[in-house]
Amino acid sequence: MSPEGARPVARPQVVLGVSGGIAAYKACELLRRFTESGHDVTVVPTESALRFVGAPTWAALSGRPVATEVWDGVHEVPHVRIGQAADLVVIAPATADLMAKAAHGQADDLLTNTLLTARCPVVFAPAMHTEMWEHPATRDNVATLRRRGAIVIEPAEGRLTGKDTGKGRLPEPGEIFELARDVLTRTGADGPVDDLAGRQVVVSAGGTREYLDPVRFLGNRSSGLQGVALARAAAARGAEVTLIAANVALPDPAGMKVVRVETTAELRDAVVSAAAGADAVVMAAAPADFRPASVSEAKIKKAADGSAAPLELVQNPDILHEISTQRVRPDSVVVGFAAETGDATGSVLDLARAKLARKGCDLLVVNDVSGGAVFGQPDNEAVILAADGGMVDVPRGSKAALAHAIWDQVAPRLT
Ligand code: CTP
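All values derive from a computational prediction rather than experimental measurement. (Residues numbered from 1 in each chain as written. Predicted model: local features only at pLDDT ≥ 70, side-chain atom pairs only at ≥ 80, totals over all residues. Heavy atoms only, no water.)

**Q** Describe the sheet that holds strand S3 (residues 88-94), listing the residues and the values that go with them.
**A** Taken in spatial order, the five strands make up an open sheet running S2-S1-S3-S4-S5, and their pairing is parallel. Edge positions in the sheet fall to strand S2 (40-45) and strand S5 (151-152), since each of these pairs with one other strand and no more. Examined bridge by bridge, strand S4 (residues 122-126) and S5 share two bridges and lie parallel to one another. Looking at the pairing, Phe 124 lines up with Val 152 of S5. (Pairing = 2+ DSSP bridges. Helix = DSSP H or I, 4+ residues; strand = E, 2+ residues; numbered from the N terminus.)

**Q** Explain the domain arrangement of the protein chain to me, and be specific about the residues and the numbers.
**A** Each assigned domain of the protein chain is listed with its residue range as follows: domain 1 (13-186) and domain 2 (200-298 + 309-413). Taking only C-alpha atoms, the centre of domain 1 and the centre of domain 2 are 34 Å apart. In this assembly, eleven residues from domain 1 lie in contact with 13 residues from domain 2. Approximately 1,100 Å² of surface area, both sides summed, lies buried where domain 1 meets domain 2, with 57% of it carried by carbon and sulfur atoms. When the buried area of domain 1 at its contact with domain 2 is split by residue, Glu 175, Leu 179 and Arg 186 rank highest and sum to 46% of it. Connecting domain 1 to domain 2 are two salt bridges. One salt bridge connects Arg 232 with Glu 175, and the closest N-O pair in it is separated by 3.0 Å. Where domain 1 touches domain 2, the interface holds three residue pairs in polar contact (both at pLDDT 80 or more). Per-element accounting of the side of domain 1 that touches domain 2 gives the leading share, six residues, to helix H9 (residues 173-185). (Domains from an automatic or database assignment. Contact = heavy atoms within 4.5 Å. Buried area = accessible area lost by both parts, 1.4 Å probe. Salt bridge = Lys/Arg side-chain N within 4 Å of Asp/Glu carboxyl O. Polar contact = N/O pair within 3.5 Å; in protein donor to acceptor, adjacent residues only side chain to side chain.)

**Q** Give me the lowdown on unusual backbone geometry, citing residues and values where you can.
**A** With an omega of -5 degrees, the peptide bond running from Ala 92 to Pro 93 counts as cis. In this structure, Asn 247 takes a positive phi of about 55 degrees despite not being glycine. Inspection of the secondary structure assignment puts Asn 247 in the loop between strand S11 (240-246) and strand S12 (257-261).

**Q** Tell me what's going on with the side chain of Thr 208, and back it up with residues and numbers.
**A** Mapped onto the elements, Thr 208 comes out in the loop between strand S8 (200-206) and strand S9 (210-211). Within polar-contact distance, the side chain of Thr 208 engages the side chain of Thr 264 at 2.9 Å. Beyond its immediate sequence surroundings of up to four residues, Thr 208 is in contact with Leu 218, Gly 219, Asn 220, Ala 246, Asn 247, Glu 262, Thr 263, Thr 264, Leu 267, Ala 286, Pro 287 and Ala 288.

**Q** Give me the sheet that holds strand S17 (residues 363-368): which residues, what numbers.
**A** Within the open sheet, the eight strands sit side by side as S12-S11-S8-S13-S16-S17-S18-S19. Their pairing is mixed. Of all strands in the sheet, those bounded by a partner on one side alone are S12 and strand S19 (391-398). Direction aside, the axes of adjacent strands within the sheet are offset by 20 degrees on average. Judged from the six bridges that link them, strand S16 (residues 333-340) and S17 form a sheet pairing that is parallel. From the neighbouring strand, Ala 338 faces S17, where its bridge partner is Val 366. With respect to the sheet, helix H10 (residues 225-236) is in contact with S8, S11, strand S13 (280-283), S16 and strand S18 (379-386), its orientation differing from that of S8 by roughly 160 degrees. The strands touched by helix H11 (residues 264-275) are S8, S11, S12 and S13; relative to S11, the strand with the most contacts, the crossing angle is about 170 degrees. (Axes fitted to C-alpha atoms, helices over the stretch in contact; angles between N-to-C directions.)

This is how it looks when you write it as structure tokens:
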């Protein structure tokens, strides 16, 4: 029984559309994630999807009957009702054929009918061979669907069916789930928040490693959680995202290009190159300020006399300063992070304001770490300082909530 006075919270109604690709088996895991986290899921497979995973599997995992044709259960008018009742439609995997039909408004089975009657957010998670994804016909269909407000996430790169590798893999089910849940929770009366649609954004995450020799490095404790949350949030708001991940031990988030780097030099090259065409760049990574002056090709041995190892360090480039002060696109928005404790020279905010001016960025997300670090923690709180004088307090909450609060500040500053 619900507690006195509390009204039962409606369970979100999700339609999981499955089209006929080998990645259909991964949709079983996606379905399980939804049902285990309090969503009611109606699975609508296409006829060809059932060649890969049978109807009993979908029915058992969703606890609901499964239909593919508009002729099934006609008295309930399912081709209209399923779409109308949905809070979210996710198509995973979305084949080239399914997206072609959706782009042209065809309605020859239950899933395509459902797409025409749904007024909720629709997320397509495509999976196909690289050639099919890159074909101009598919590019046009994807562009059409995006223009109409659907979220078509980028496929992942990697092993495809057979011996091929390349772009076209279905992202991991857990990552599709995170993105879909984000879209669902942020959908208001006016529909999903897609204020970054058509924008290119770059997010750096994680901590760099500076090698001393082939087996040792200087590193830091940045987990990359906040950067990954920022990248996910941007993708859920419709942006084309490049995530530059420095030693991040997390799976590739769904729907974005992920560039993996190790050192600050590699991070710098990747960020500078991606920033050239970007509308916004967020430097959430923790690059090392110093690196060893030289990297030994062989493992460094202990001295027989027990003397201390000489360790000469040189300063690394300041990436945030470089991309802020040498902008290829003067209208781009650059965001930095600062973890401050305050000291004899000033308070956390004094030091942060000075850093904002020194770095030349537009926004600075300031963490007060006087009471301990935030590394690896699920929560965060911050103050967002703006070069134009604004200041926003973001109370303690999830890193996803802080990520959205940051994009809330970035979006209106994009021209
Ligand atoms: N940053 C960067 N390149 C570096 C070091 C830091 O781009 N070599 C970026 C970080 O990604 C972050 C911001 O700069 O967005 C602030 O990092 P911080 O370490 O606080 O800045 P520092 O310039 O090192 O300042 P401090 O002197 O306080 O250490």
